[in-house]
Amino acid sequence: EKGGFETFMRKEINEQPGAVADTLRGRIDETGQIVLDEVRMSDQDFRDIDKVFIIACGTSYHAGLVTKYAIEHWTRIPCEVELASEFRYRDPVLDRSTLVVAISQSGETMDTLMAVRHAKDQKARVLSISNTVGSTIPRESDAVLYTRAGIEVAVASTKAFLTQLAACYLVGLHLAQVRGIKYADEVSAVLDELVAAPGKIAKVIENLEPVREMARQCAALGTDRVLFIGRHVGYPVALEGALKLKELAYLHAEGFAAGELKHGPISLIEDGTPVIAIVPSPRGRSLLHDKIISNIQEVKARGAKVIAICEEGDRITAAHADFVFETPASPTLLSPLLTAVPLQEFAAELATALGRDIDQPRNLAKSVTVE
Ligand code: M6R
């Protein structure tokens, strides 16, 4: 049942191109309009939304963080993202024109379910994004968009994460389309890119051996901490890379917004500390690119060993980092679909080299149905 792979996690990493393609299938029509047929909300309901609140836990929360950048850019609707366990115990400002997006692979996470109920009590509309048909969170939501990742067995979320991103992009683009589009050309270009994403994810997966080699080296060197830095959508990817490594390898791993380094975390860097930098495309938003290059220089000056995840052909990054892993070119907002993959593999390989059970890490359950 592991399809020739040694673990479910490896199998699921490899299933990602197909899973993302399945999630997109049938949801973009011939005219480029997004069709969300399982969503029981009218176009007018979507037009009435004046605020979006995304609630989730763990990896699903990271998908939400990425989505904030996309929704605010494409729709100009304010979007907040919050951990469900925090949201449920405070007094958020919500009403009928708030769209609460609950992201949960299992659809059974207790904190997320309680946050959904909390939102509904205040009359907000709830749209859930889930991988589990008929689970509790979708049943209690006004609308549902199912990811079609297939069953995810490994505790560490991989294909569920990528399909959540795909579903979240669809929701963001749908909101942009129904509300009259300020960035019409950009939205249609992004749709084309979204359709091309599975092929690019497959290309990333084919070329992961250098990442595995790097992970084995870290294990052999007895690395006890790994830091991840990113900016913009690279920041949630950094958080996700760190979560994978904590969860699987039981190492101290932390993700930071690269701009925060000098506000504290840079003091963690010692000679040889691995720092994984998620580097944005050098095209277009080159300001962001310049900024992360200076962050790479800052950490290197303190002895860090920098592993950069960057776009193919990015010579500037190659000149500064100790090791680069290149991903195919992609619009910045969609880049997490590609940049998260080497971090999954890095964590899986490092943990395997340390003898961990990557499908069933200690102390963790696949579905967290208690507080
Ligand atoms: O089923 P959910 O998406 O609600 O689960 C949320 C988290 O428990 C989950 O993403 C967890 O963080 C993963 N094990 C991370 O790999």
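Residues numbered from 1 in each chain as written. Predicted model: local features only at pLDDT ≥ 70, side-chain atom pairs only at ≥ 80, totals over all residues. Heavy atoms only, no water.

Going by the annotation in an unreviewed UniProt entry, the name recorded for the protein chain is Glutamine--fructose-6-phosphate aminotransferase [isomerizing], with Glycomyces tritici given as the source organism. Turning to the protein chain, the UniProt record has this under Function (unreviewed entry): "Catalyzes the first step in hexosamine metabolism, converting fructose-6P into glucosamine-6P using glutamine as a nitrogen source." The record in UniProt for the protein chain states the following under Subcellular location (unreviewed entry): "Cytoplasm". (UniProt positions renumbered as here; feature names shortened; annotations may be inferred.)

Peer 1: Account for the sheet that holds strand β6 (residues 225-230), naming residues and giving values.
Peer 2: Strands sit in the order β7-β6-β8-β9-β10 across an open sheet of five strands; the sheet is parallel. If you trace the sheet from one side to the other, it starts and ends with β7 (252-257) and β10 (323-327), each paired once. In this sheet, neighbouring strand axes are inclined to one another by 20 degrees on average, regardless of whether the strands run parallel or antiparallel. Looking at chain direction, β6 and β7 are connected through six bridges and run parallel. Within the sheet, the bridge partner assigned to Gly230 lies in β7 and is Ala257. (Pairing = 2+ DSSP bridges. Helix = DSSP H or I, 4+ residues; strand = E, 2+ residues; numbered from the N terminus. Axes fitted to C-alpha atoms, helices over the stretch in contact; angles between N-to-C directions.)

Peer 1: So what's going on with the site of the ligand? Residues and values would help.
Peer 2: Ser60, Ser104, Gln105, Thr109 and Glu247 are the nearest of the 14 residues found near the ligand. Within the side chain of Ser106, an N or O atom sits 2.7 Å from an oxygen atom of the ligand. Within the side chain of Lys244, a nitrogen or oxygen atom sits 3.1 Å from an oxygen atom of the ligand. Alone, the ligand offers 410 Å² of accessible surface; in the complex the protein occludes 90% of this. Breaking the shell around the ligand down by element, the ones donating at least two residues are α4 (58-75) and α11 (234-249). Its residues assigned to classes, the shell around the ligand comprises four nonpolar, eight polar and two charged. (Near = heavy atom within 4 Å. Polar contact = N/O pair within 3.5 Å; in protein donor to acceptor, adjacent residues only side chain to side chain. Areas by Shrake-Rupley, 256 points an atom, 1.4 Å probe, with all protein chains shown as cover. Nonpolar A, V, L, I, M, F, W, Y, C, P; charged D, E, K, R; others polar.)

Peer 1: Before we move on, can you summarise the packing of α4 against α11 with the specific residues and values?
Peer 2: A pair of packed helices is characterised by two quantities: the angle between their axes and the separation of those axes. One way to put it is that α4 packs onto α11 with a least axis distance of 9 Å and a crossing angle of 170 degrees. When the axes of α4 and α11 are compared, the pair comes out roughly antiparallel. Along the contact surface, α4 presents Gly58, Thr59, His62, Leu65, Val66 and Tyr69, while α11 presents Tyr235, Pro236, Leu239, Glu240, Leu243 and Lys244. (Parallel < 35°, antiparallel > 145°, perpendicular 65-115°, else oblique. Contact = heavy atoms within 4.5 Å.)

Peer 1: Tell me about the packing of helix α2 (residues 16-24) against helix α8 (residues 159-178), and please be specific about residues and values.
Peer 2: Here α2 crosses α8 at 30 degrees, and the two axes come no closer than 9 Å. Here α2 lies roughly parallel to α8, going by the angle between them. Relative to α8, the crossing made by α2 is right-handed. Contact residues: α2 offers Gln16, Ala19, Val20, Thr23 and Leu24, while α8 offers Lys159, Leu162, Thr163, Ala166, Ala167 and Leu170. Here the residues of the contact of α2 with α8 are counted per class, giving seven nonpolar, three polar and one charged. (Left-handed = near helix turned anticlockwise from the far one by under 90°.)

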